[in-house]
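# Breakdown of the fold
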Amino acid sequence: MGLPEPEVGEAFTTAGGRKWGRIASGDPGKQLTGTIMGAFMSYVLVPQEDHTTRLLLKVVMQTTRWAALGLSVGDLVMARRQLLNLKQLAERRQHQGTATE
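A brief look at the structure comes next. (Residues numbered from 1 in each chain as written. Predicted model: local features only at pLDDT ≥ 70, side-chain atom pairs only at ≥ 80, totals over all residues. Heavy atoms only, no water.)

## Focus on the environment of Leu 83
- Residue placement: Leu 83 occurs in helix α1 (residues 65-99).
- Residue Leu 83 is classed as partly exposed on the basis of its relative accessible area of 27%.
- Between the C-alpha atom of Leu 83 and that of Met 61, which follows or precedes it by 22 residues, the distance is 20 Å.
- Other than its neighbours up to four places away in sequence, Leu 83 contacts Tyr 43, Leu 55 and Leu 57. (Helix = DSSP H or I, 4+ residues; strand = E, 2+ residues; numbered from the N terminus. Buried < 20%, exposed > 50% of the residue type's maximum accessible area, 1.4 Å probe, protein only. Contact = heavy atoms within 4.5 Å.)

Here is the structure:
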C-alpha cells in the first residue's frame, strides 16, 4: 500500500488528531507491540495450515481488578471494531491482488 513500516518509538495510534502511545517493538509481517496509557497491546499474525492467517490481539496491563473489568468491557468494543476493520482491509487487498493477476 506504499506505507512505511512502523518503527520503535513512533506514535502507536492517532485519535482526534492527537498522537497516542508509542510503538514498543515490531517484526514486519509478524508482530507489532505498542504501549498506550500503561497498557501493552500486541498484534501477532499466525499462519494457519489452510494458507490463511490468524490475527491475535493481546492486551496486558497492571491495574486493580475492578479497573481491569471496566477497561476490558470498553476495549472489547474498540478491539472488535478495529479487528473487523483490519479484516475488511485485508480481504479487500487480497481481492485486489487476485483481480490483477
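## Regarding the pairing of strand β6 (residues 53-61)
- Where strand β5 (residues 39-47) meets β6, 9 bridges bridge the pair, whose relative direction is antiparallel. Bridging across to β6, Met 41 finds its partner in Val 59.
- Hairpin connection of β5 to β6: 5 residues between the antiparallel strands, including His 51 at a positive phi of 65°. (Pairing = 2+ DSSP bridges.)

## Considerations on a nonpolar patch on the surface
- Taken together, the side chains of Leu 45, Leu 55, Leu 86 and Leu 89 define a hydrophobic patch exposed on the protein surface, amounting to about 290 Å² of accessible area.
- Structurally, Leu 45 is set in strand β5. (Patch = residues over 30% accessible without salt bridge, like charges linked within 9 Å, V, L, I, M, F, W, Y side chains within 5 Å. Areas by Shrake-Rupley, 256 points an atom, 1.4 Å probe, with all protein chains shown as cover. Salt bridge = Lys/Arg side-chain N within 4 Å of Asp/Glu carboxyl O.)

## Focus on unusual backbone geometry
- Unusually for a residue other than glycine, Met 37 sits at a positive phi of about 50°.
- Summarising the element assignment, Met 37 is placed in the loop between β4 (31-36) and β5.
- The class for Met 37 is exposed, based on a relative accessible area of 68%.
- Of note, His 51 is a non-glycine position whose phi angle comes to about 65°, a positive value.
- Its location among the elements puts His 51 in the loop between β5 and β6.

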